[in-house]
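Here's the letter readout for the chains.
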Amino acid sequence: MAPMFIGLLMFSTATLLVIVAATSLVIFQKRLTSLAEGAALWSAQQGLPADNYFGKLPEDAGLGLVLSDIEAPDGKTVTVQVCGRWQAPISISITPSNLMVCSQASARAG
């Protein structure tokens, strides 16, 4: 009985740690998407490069962002790609602990 309980406890702990890491990764990706959408909308509205948008963000964002503007052939569409390095909240061997995550958003000047 004790070995089964120990095995169940280990399996439950591993499952919980994987769920925590996956949830953290999804939240990080959603945060990057929000930043990319905001930068694309601001850039389309102001007619300025999206780099200026990130200069207006609070310093505590601390995501290690890499930003790239993608030129559109029509001259009205602004596409912004934001990449950041995600760190796992709990480092375990069965989950990746350091990933580059990217998100892309587009906006059209009207």
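Everything that follows concerns the structure shown earlier in this document.
Residues numbered from 1 in each chain as written. Predicted model: local features only at pLDDT ≥ 70, side-chain atom pairs only at ≥ 80, totals over all residues. Heavy atoms only, no water.

**A few points about the overall build of the chain**
Here is the rule: To qualify as a helix, a DSSP run of H or I must reach at least 4 residues; to qualify as a strand, a run of E must reach at least 2; elements of each kind are numbered from the N terminus. Only protein chains enter the accessibility calculation, which uses a 1.4 Å probe; a residue is then buried when its area is under 20% of its type maximum, exposed when over 50%, and partly exposed in between. Two residues form a contact once any of their heavy atoms are found within 4.5 Å. Only the protein chains shown count as cover for residues, and the accessible areas themselves come from Shrake-Rupley with a 1.4 Å probe.
Looking only at helices and strands, the chain features two helices and three strands. Each of the 110 residues in the chain was classed as buried or not, and the buried ones make up 27%. Relative to all contacts within the chain whose residues are 6 or more apart in sequence, the contacts with residues 24 or more apart total 52%. If you sum the accessible surface of the chain, you get close to 7,300 Å²; carbon and sulfur atoms cover 63% of it.

**What to know about the state of the cysteines**
Put plainly, a disulfide is one covalent bond tying together the sulfur atoms of two cysteines. To keep it simple, the criterion reads: Two cysteine sulfurs form what is called a disulfide whenever their separation falls within 2.5 Å.
Applying the stated criterion to the full structure yields one disulfide. Shown here is the disulfide that connects Cys83 with Cys102, its sulfur atoms set 2.0 Å apart. Here the S-S torsion is close to 110°, and the disulfide linking Cys83 with Cys102 is therefore right-handed. Here Cys83 is found in strand S2 (residues 77–87), whereas its partner Cys102 is found in strand S3 (residues 98–108), with 19 residues between them in sequence. Residue class for Cys83 comes out buried when judged on its relative accessible area of 11%. With relative accessibility at 36%, the residue Cys102 sits in the partly exposed group.

**Here we look at a nonpolar patch on the surface**
Just so we agree on the cut-off: Patch rule: a residue counts if its relative accessible area is over 30% and it has no salt bridge; like charges are joined within 9 Å, and nonpolar side chains (Val, Leu, Ile, Met, Phe, Trp, Tyr) within 5 Å. Here a salt bridge means any side-chain nitrogen of Lys or Arg lying within 4 Å of a carboxyl oxygen belonging to Asp or Glu.
A cluster of nonpolar side chains, contributed by Phe5, Ile6, Leu9 and Met10, occupies part of the molecular surface with about 450 Å² of accessible area. The exposure class assigned to Met10 is exposed, which follows from its relative accessible area of 57%.

**Details of the side chain of Ser103**
Spelled out, the test is: In the analysis that follows, any N or O atom pair within 3.5 Å is treated as a polar contact, provided that within protein one partner can donate a hydrogen and the other can accept it, and provided that, for residues neighboring in sequence, both atoms belong to side chains.
Following the sequence through the fold, Ser103 ends up in strand S3. Within the local environment of Ser103, its side chain forms a polar contact with the side chain of Thr33, the two groups lying 2.6 Å apart.

**Remarks on the nonpolar core**
We apply this condition: Only buried Ala, Val, Leu, Ile, Met, Phe, Trp, Tyr and Cys residues count toward a nonpolar core, and they belong to the same one when joined by side-chain atoms within 4.5 Å.
Counting residues in hydrophobic clusters, the biggest one holds 20 residues, and the most contacted among them are Ala39, Phe54, Val80, Val82 and Trp86. Elements supplying a minimum of two residues to this core: helix H1 (2–46), helix H2 (51–55), S2 and S3. With nine residues, the top contributor of residues to this core is H1.

**Digging into H1**
Convention followed: Given the number of residues in a helix, its expected span is that number minus one, multiplied by 1.5 Å.
With 45 residues, H1 extends 66 Å from end C-alpha to end C-alpha; this agrees with the ideal 66 Å at 1.5 Å per step. Turning to H1, its buried residues are Ala21, Phe28, Leu32, Thr33, Leu35, Ala36, Gly38, Ala39, Ala40, Trp42, Ser43 and Ala44. In this structure, the buried residues of H1 make contact with H2, S2 and S3. Looking one or two residues past H1, Gly47 carries a phi angle of roughly 75°, positive in sign.

So, to be careful, I would describe these as geometric facts and stop short of saying anything about function.
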